[in-house]
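Structural description and commentary
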Amino acid sequence: MSVRALVVDPSAPAAVRLAEVPDPVPGPGQVLVDVTHASLNYGDLNDARSGRIPPGAVLGSDAAGVVTRAAADGTGPAVGTRVVALTPGAFAERVAIDVEALAEAPASLDLARAVALPVAGVAALRSLRAAGLGPGKRVLVTGASGGVGRFAVQLAARAGAHVIASVGSAARGEGLAALGADEVLVGLDGLDRPVDVVVDSVGGPQLVAAWGLLAPGGSVQSVGWTSGEPAVFPPYATVGPAKSLNSFVIEGSAGADLATLAELAAEGALTVEIGWQGSWERFAEAAGALRGRRVAGKAVLEVSKARSVPAAAS
């Protein structure tokens, strides 16, 4: 038997196409999930073109759906449970998922919103945690209109920080004050006071400028590099009072953090904004909107509503 999936194909327009792949076979500590929604991240687009994921392999990390087979070892959720997960190869109709990589979606949280949480929400939560977030800290979030950025703004504000949201244009800054940003800036114009924490998803010259704004003892968490530009530090920029520039990647199982985020979203304490939503057959459209910075928040792919497998869907 087989299922449909979005697989890497360097010859396709967006380096991804819909294809048939073998039905997954779960291990003892895995559940089978029928996927209803997936969430597209900027990193997925890079993975498809970078060679990190080989041609023919299933793309994606964010999935939400319903458990159709419980884990053989007795762990994890029962059949029929609605779940959200951070797992490799998420862009398929059916996925075998480690029980530690998923969380139950509360009844009041629809799966289209739940699926926006894994990569973006966990990255925001863990990068702020690693940076030493606390009340009164001055937190700069670059690329604040994107998925990670919007979650980081909200989580930092909930922790009592003074939040500075940096965006690429005034239009992209709309709504960030309502999410908890104390200041919304285009680029870093007007920011002349030191900050304690930077969550940076832009890279390039903006990362260099953010480093120069960092207070002694502060931390920059580099969670992305959407600019695609090099970061060139001037001589002696790294000589002085101790502060840190930290690389970031999501490691280990995300289930516990996903459960926290899902509960916050279900309670209305964490707003999930979807800037693009449609069938996964429209992957190329979603990818273009994301690369073109036309998505405020998250791009959500509807998996269960796709009915055909075009020769070159994306």
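Worth saying up front: this structure is predicted, and the values here are computed from it rather than measured. (Residues numbered from 1 in each chain as written. Predicted model: local features only at pLDDT ≥ 70, side-chain atom pairs only at ≥ 80, totals over all residues. Heavy atoms only, no water.)

**With respect to the layout of surface pockets**
Computed from the structure, the largest pocket encloses a volume of approximately 1200 Å³. Taken together, 47 residues form the lining of the largest pocket, with Tyr42, Gly43, Val223, Gly224 and Thr226 sitting closest to its centre. For the lining of the largest pocket, the secondary structure elements donating two or more residues are helix H1 (42-50), helix H3 (118-131), helix H4 (147-158), strand S9 (162-167) and strand S15 (298-302). When residues of the lining of the largest pocket are assigned to their parent elements, the largest contribution, 5 residues, is made by H1. Of the residues in the lining of the largest pocket, the class split is 21 nonpolar, 20 polar and 6 charged. The volume enclosed by the second largest pocket comes to roughly 160 Å³. The wall of the second largest pocket is formed by 13 residues, among which Leu86, Thr87, Pro88, Asp98 and Ala101 lie closest to the centre. Here the lining of the second largest pocket is built from residues that sort into 6 nonpolar, 4 polar and 3 charged. (1 Å grid on protein atoms, 1.4 Å probe; cavity = no way out; pocket = protein on both sides within 12 Å on 5 of 7 lines; lining within 4 Å. Points joined across faces, edges and corners; volume = space filled by probe spheres on them. Helix = DSSP H or I, 4+ residues; strand = E, 2+ residues; numbered from the N terminus. Nonpolar A, V, L, I, M, F, W, Y, C, P; charged D, E, K, R; others polar.)

**Observations regarding the packing of H1 against helix H8 (residues 283-291)**
Packed helices, taken two at a time, are described by the angle their axes make and the gap between the axes. Viewed as axis vectors pointing N to C, H1 and H8 meet at an angle of 110°, and their least axial separation amounts to 10 Å. By the angle between their axes, H1 is roughly perpendicular relative to H8. Viewed along their axes, H1 and H8 form a crossing whose handedness is left-handed. Across from Tyr42, Leu45, Asn46 and Arg49 in H1, the residues of H8 making contact are Phe283, Ala287, Leu290 and Arg291. Tallied by class, residues from the contact of H1 with H8 come to 5 nonpolar, 1 polar and 2 charged. (Axes fitted to C-alpha atoms, helices over the stretch in contact; angles between N-to-C directions. Parallel < 35°, antiparallel > 145°, perpendicular 65-115°, else oblique. Left-handed = near helix turned anticlockwise from the far one by under 90°. Contact = heavy atoms within 4.5 Å.)

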